[in-house]
Amino acid sequence: MSRDDPDESRLVVAPQSTARPSVRSARLLAIVASVVGVLLTVSLPFLPVEQDSASLSWPQNGNTGSVEAPLVSYAPITLDMSIPCSAISELAQRGGVLASTAPSAADPGKYGLVARVSSADAGPAEVQVTLRNQVLLTSSLDQLPADCALVVSSDTARTAAGVVAPGQQPPTVIQGDLRPQLVGIFSDLDGPVPEGLRVTVQIDSRFSSTPSLIKLIAMVVGVLATVSALLALHRLDKVDGRRSRRFLPTRWWSFRRIDAVVIGTLVLWHFIGSTTSDDGYQFTMARASSAAGYMANYFRWYGVPETPFGTPYYDLLGVLAAISPASPWVRLPALVAGVVAWLVISREVAPRLGAAVRNNRLALWTGGLVFLAFWLPYNNGLRPEPIVAVGVLLTWCSVERAVATRRLLPAAVAVLVGAATLTAGPSGLICFGALLAGGRPILQIVIARAKSVGYLALLAPLVASGTVILVAVFADQTLAAAMEMQRVHAIGPDMPWFDEYLRYQFLLNISVDGSLSRRFGVFVMVLSLAVTIFVMLRKGGRIPGTATGPSRRLIGITVAAMALMMFTPTKWTHHFGIYAGLAGALAVLTSVAVSTAVVRSARNRALFAAAVLFLLAMTFTSSNGWWYVSSYGVPWWDKPVFVAGVGVGTILLGATLLMLLIAAWCYFREPFRQHGPVQHSRFWALPPLTVAAAALVLFEVLSMAKGAVAQYPAFSLARSNGEAVAGEPCGLANDVLLETDPNASVLPPLSGTPSTALAGTDSTGFTPNGVAADLSADEESSDAGVANSVETDNTAQSASSNSAGTGGGEGAVGVNGSAVALPFGLDPATTPALGSAGGDDDASLTTGWYRLPPEESDGGRGDIVSIAAAGRIRSVDADGIETYGQSLEVEYGRLDRTAR
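The structure displayed is predicted, hence computed values, not measured ones.

## Focus on the overall build of the protein chain
- Of regular secondary structure, the protein chain possesses 28 helices and 22 strands.
- Its C-alpha atoms give the protein chain principal-axis dimensions of roughly 100 × 75 × 50 Å.
- Taken over 900 residues, the protein chain has a buried fraction of 47%.
- Relative to all contacts within the protein chain whose residues are 6 or more apart in sequence, the contacts with residues 24 or more apart total 74%.
- Accessible surface, the protein chain: about 43,100 Å² in total, of which carbon and sulfur atoms supply 60%.

## Considerations on the packing of helix H5 (residues 257-272) against helix H26 (residues 688-711)
- Two elements in contact, H5 and H26, have axes whose closest approach is 10 Å; the angle formed by their N-to-C orientations is 35°. For H5 against H26, the interelement crossing comes out left-handed. Packed against H5, whose contacting residues are Thr 265, Leu 268, Trp 269 and Ile 272, the element H26 presents Val 697, Glu 700, Val 701, Met 704 and Ala 705 at the interface.
- Taken together, the residues that form the contact of H5 with H26 break down as 7 nonpolar, 1 polar and 1 charged.

## With respect to the environment of Asn 297
- Among the secondary structure elements, Asn 297 is positioned in the loop between helix H6 (279-292) and helix H7 (313-323).
- If we skip the residues at most four places from it in the chain, Asn 297 touches Tyr 74, Tyr 281, Met 285, Gly 303, Val 304 and Glu 306.

## A short note on the confidence of the model for the protein chain
- Averaged over all residues, the pLDDT of the protein chain equals 84, while 90% of them reach at least 70.
- Taken element by element, the protein chain is modelled with least confidence in strand E19 (residues 798-799), mean pLDDT 46, and with most confidence in H5, mean pLDDT 95.
- Ignoring residues within four places in sequence, the model shows residues 1-19, a span with pLDDT below 50, making 40 contacts including any to other chains.
- The model gives residues 781-799 a pLDDT under 50, and that stretch makes 43 contacts with residues more than four places away or in other chains.

## Focus on helix H13 (residues 409-424)
- Between its terminal C-alpha atoms H13 stretches 23 Å, which fits the 22 Å expected from 16 residues at 1.5 Å a residue.
- Of the positions making up H13, those classed as buried are Pro 410, Ala 411, Ala 412, Ala 414, Val 417, Gly 418, Ala 419, Thr 421, Thr 423 and Ala 424.

## Considering the sheet that holds strand E6 (residues 113-117)
- Ordered in space as E5-E6-E7-E8, the 4 strands form an open sheet in which the pairing is antiparallel. Sheet topology places strand E5 (96-100) and strand E8 (134-140) at the edges, where each strand pairs with a single neighbour. Pairwise comparison of adjacent strand axes, ignoring direction, gives a mean angle of 15° for this sheet.
- The pairing of E6 with strand E7 (residues 126-131) spans 5 bridges and is classified as antiparallel. Along E7, the bridge assignment pairs Arg 116 with Gln 128.

## Points about the pairing of E5
- Burial analysis of E5 places 5 of its 5 residues in the buried class, which makes it a mostly covered element.
- Across 4 bridges, the pairing between E5 and E6 is antiparallel. The residue bridging Ser 100 from the neighbouring strand is Val 114, located in E6.

## Quick look at the packing of aromatic side chains
- For the structure shown, the criterion picks out 14 aromatic pairs.
- Measuring from centroid to centroid gives 5.4 Å for Phe 374 and Tyr 378, while their planes differ by 40°, and the two rings are tilted. Of this pair, Phe 374 and Tyr 378 both sit in helix H11 (residues 361-378), 4 residues apart, roughly one helical turn. An identical accessibility class is assigned to Phe 374 and Tyr 378; each is buried.
- Between Tyr 378 and Phe 576, the ring centres sit 6.4 Å apart and the planes meet at 70°, which makes this aromatic pair edge-to-face. In this pair, Tyr 378 sits in helix H11 while Phe 576 sits in the loop between helix H21 (548-564) and helix H22 (580-593), placing the two residues 198 residues apart along the sequence. Side by side, Tyr 378 and Phe 576 carry an identical accessibility label, which is buried.

## Quick word on the state of the cysteines
- Per the counting criterion, the structure on display carries 1 disulfide.
- The disulfide partner of Cys 85 is Cys 148, and the gap between their sulfur atoms is 1.6 Å. Disulfide Cys 85-Cys 148: torsion about the S-S bond near -110°, hence left-handed. With Cys 85 in helix H2 (residues 85-90) and Cys 148 in the loop between E8 and strand E9 (149-154), the pair connects residues that are 63 residues apart, well separated along the chain. The pair formed by Cys 85 and Cys 148 is uniform in burial state, with each residue classed as buried.
- With no disulfide of its own, Cys 397 lies closest to Cys 431 among cysteine sulfurs, the gap being 12 Å.
- By relative accessible area, Cys 397 is classed as buried at 11%.

## Digging into the pattern of salt bridges
- With the rule as written, the count across this model stands at 17 salt bridges.
- With its nearest N and O atoms 3.7 Å apart, the salt bridge here joins Asp 259 to Arg 256.
- Arg 256 sits in the partly exposed class, given a relative accessible area of 34%.
- Note that Asp 278 and Arg 383 form a salt bridge whose closest N and O atoms lie 2.6 Å from each other. One end of the pair, Asp 278, is in the loop between H5 and H6; the other, Arg 383, is in the loop between H11 and helix H12 (385-405), with 105 residues separating them in the sequence.

## Things to note about a nonpolar patch on the surface
- Nonpolar side chains collect at one region of the surface, where Leu 28, Val 32, Val 36, Leu 213, Leu 216, Ile 217, Val 220, Val 221 and Leu 224 lie side by side and expose about 790 Å² of accessible area between them.
- For the nonpolar patch, the element with the highest residue contribution is helix H4 (residues 213-237), accounting for 6 residues.
- On the secondary structure map, Leu 224 appears in helix H4.

## Points about the environment of Ala 412
- Within the secondary structure, Ala 412 is located in helix H13.
- Residue classification places Ala 412 among the buried positions, given a relative accessible area of 1%.
- C-alpha separation for the pair Ala 412 and Val 463, spaced 51 residues apart in sequence, amounts to 8.1 Å.

## Observations regarding the sheet that holds E9
- Taken in spatial order, the 6 strands of this open sheet run E2-E13-E4-E9-E10-E11, and their pairing is antiparallel. Pairing within the sheet leaves two strands with one partner each, and these edge strands are strand E2 (54-58) and strand E11 (172-175). For this sheet, the mean inter-axis angle between neighbouring strands, taken without regard to orientation, is 5°.

## Quick word on unusual backbone geometry
- Here Thr 307 and Pro 308 are connected by a cis peptide whose omega angle stands at 5°.
- Of the consecutive residues Tyr 712 and Pro 713, the connecting peptide bond is found in the cis state with omega at 10°.
- Structurally, the position occupied by Pro 713 is in the loop between H26 and helix H27 (717-725).
- Positive phi, normally seen in glycine, also occurs at Asn 133, with a value near 65°.

## Things to note about the nonpolar core
- Ranked by internal contacts, the top residues of the largest apolar core, which has 109 residues, are Phe 371, Phe 374, Trp 375, Phe 520, Tyr 579 and Phe 620.
- In this structure Tyr 579 touches Phe 374, Met 525, Ala 561, Met 562 and Met 565, once residues within four positions along its chain are discounted.
- With 40 residues, the next largest nonpolar core counts Ala 69, Ile 88, Val 129 and Val 201 among its residues.

## Some words on the packing of H12 against helix H15 (residues 439-453)
- Two elements in contact, H12 and H15, have axes whose closest approach is 10 Å; the angle formed by their N-to-C orientations is 40°. One way to sum up the angle between H12 and H15 is to call them oblique. The handedness of the crossing between H12 and H15 comes out as left-handed. For the pair H12 and H15, contact is made by Val 399, Ala 402 and Val 403 and by Pro 441, Ile 442 and Ile 445, respectively.
- Broken down by class, the residue content of the contact of H12 with H15 amounts to 6 nonpolar, no polar and no charged.

About the thresholds
Residues numbered from 1 in each chain as written. Predicted model: local features only at pLDDT ≥ 70, side-chain atom pairs only at ≥ 80, totals over all residues. Heavy atoms only, no water. Helix = DSSP H or I, 4+ residues; strand = E, 2+ residues; numbered from the N terminus. Buried < 20%, exposed > 50% of the residue type's maximum accessible area, 1.4 Å probe, protein only. Contact = heavy atoms within 4.5 Å. Areas by Shrake-Rupley, 256 points an atom, 1.4 Å probe, with all protein chains shown as cover. Axes fitted to C-alpha atoms, helices over the stretch in contact; angles between N-to-C directions. Left-handed = near helix turned anticlockwise from the far one by under 90°. Nonpolar A, V, L, I, M, F, W, Y, C, P; charged D, E, K, R; others polar. pLDDT = per-residue confidence, 0-100. Expected span 1.5 Å × (residues − 1). Pairing = 2+ DSSP bridges. Phe/Tyr/Trp six-rings, centres within 6.5 Å; stacked < 30°, edge-to-face > 60°. Disulfide = S-S within 2.5 Å. Salt bridge = Lys/Arg side-chain N within 4 Å of Asp/Glu carboxyl O. Patch = residues over 30% accessible without salt bridge, like charges linked within 9 Å, V, L, I, M, F, W, Y side chains within 5 Å. Core = buried A, V, L, I, M, F, W, Y, C linked by side-chain atoms within 4.5 Å. Parallel < 35°, antiparallel > 145°, perpendicular 65-115°, else oblique.

Rendered as structure tokens:
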């Protein structure tokens, strides 16, 4: 088309087309095939599947050894346990576990079922059954009747337990669903299997299914019918007598410097860049799906399927993970999505926006740099946002091609892509914004063409293209599975639409959720929206040199996407990644809107520069944080960026005020300037948004590169990904240090005993019991550092951790008379403790010397010397920022030239 905006062009239809037999046959095929395709694909959720039935029996192989069987659904459908009293008597003297649904180290009584016998050494031996922190029965072994059995049965309606004689029912019955969590059957029984000992578990395998024959036939025929309907729609499109456009025009095959920069940065970031916080979450789901037989949310919601979301994208992750667990391999979909998104922006979106964009290299550079600044911090992992970001671009481009060519097949493709994107995640709902934005011109095409071929032949294929995605969604699941998913997900997190502000609140926190890299892209998108709308209003509804219809639809899609995001059930900042493609496209349009050809006023250009500087100031008030191990070695990962002790955000705010003063000077000077063309210096031609986006991309890449260099040869993402390509895909597992026996690794004193060495010769205010009884960690606001917070009440958002016995309290009296509870399994008989809590005066302690292990010892000398200390410890980081606390210093020395 020669016009920039062909929306109002009239459709030319050959009047004699209805008389041609080929058109009549195409119309009939479109109607019949569409109806068949819709009926079959819509019926898929209701068609039967072949369900696997699984059960677990114990003992196995003629012995009472423990059996591991972690259930994806956590709890079984039913559990029946019968333990003869003869087996109970075996543990009367030593005590132990008769049968448990979890190992002893996992506190099985808290969430599981455990039947144990207490030792007779501490009093009369008793048998006790505990289910989910509730004692079902306790009975002395002396009172057990002859030939009895301990019986426990549990299902969704009731749980019964008791010690009964043959033929009797358990006396204790509790109504309600108290089924235990089960990861296997564990027991301390040994020797031959007692007669009557059995545990039978009916596993909840209702979601492990395969399509039945009738469902498989319906899927195949439904897909073929839909394809036939779309081919018939293509034939109907050709009634206007015009040739079809090439699917990929010539411009797709050109390669420019901007392509090398964008694609090269994406590839480099794939190996050195940060991953997302949920990569482990998504990866484990993908790995577990092969064993479970379906894609389950392995960590939450009782193992229900992800249907209708996550298919087929999560299934693709499962296939990749089954081939190799290497991070660069399983994250390939995100890299491919990034490359496709850029190709679509540069080859479809930008040319469609008008002549002022096609001939403007600066606009394309601006779009590419903003796209990178948005994509890098959000879309380098396994989350579905990269797929949604590409899906919404492809949906919009298909709509635009339908409008530009006056054909309906691209519109059907748009519906298909939009529906498929929705299955990747709830945020795929934004694709309907693109369909809505192009709804009016497409409706005009339908009305015009329906005069010759009828409405049903045109609309039915559009419907069929939307329903065919049900083949992927319900291939081996039913509507009941989807309804169960929806019912269980009501547990939460599930926040209402009016809590959408939380997403932006988290973005403005100084945390990884609101890191400077995450802020910039969102801020630029909002600024671009405001600027383009403002320029359109001032310029009569269009940006000079751009195509009115596509520009308006691009803005409308972005606004609609932000509105539709309110209806996603969670409000985490991860979801902003879906805007990466739209933000890049908007940046292209914004670059034209603020170019010297459109904005000639020096005052207005200064105001835009001030807006960009303020955006950067707000960006740099947050930390340069990245998720978890991605932050290793990265500068300013835990604080805002400082230069010479001054925050960069403050410097940029000062620059903003200076630019506002320049804008004010231009405003007051303008009436006194001579009339006529004004020649601006090159300073005014500098593109603020382009420079800012380039600076942010460079800052992000250099930050991660610096982290990789600073960490080497220790673990970094760059080193790990490089090793994965070389055939070592284990990642961090090769670098984790595990202390298997803390007591065996305690450093021996150079002289004296452990007690005298710790007390030293210069101690003031330290006593064996001078440690506070409560050492609970300080609670921290989740807004400041806890990912995926779901509490809407900020006062309730807190987190603390007291693992491995670090919460304090009293324990056994130790080697130096201390009764302080020791953490990490340290033995009081060999580990002394001293503290200064409760004293009124200043306290100090200088211990004796300790000997490091010799280098030739097994396992080497080791890389870490750890000290168990309670309280706040003073520290000074690499930037010279001090954290308040008590001083703790460690000195090293030599005994002679050979001993250390």
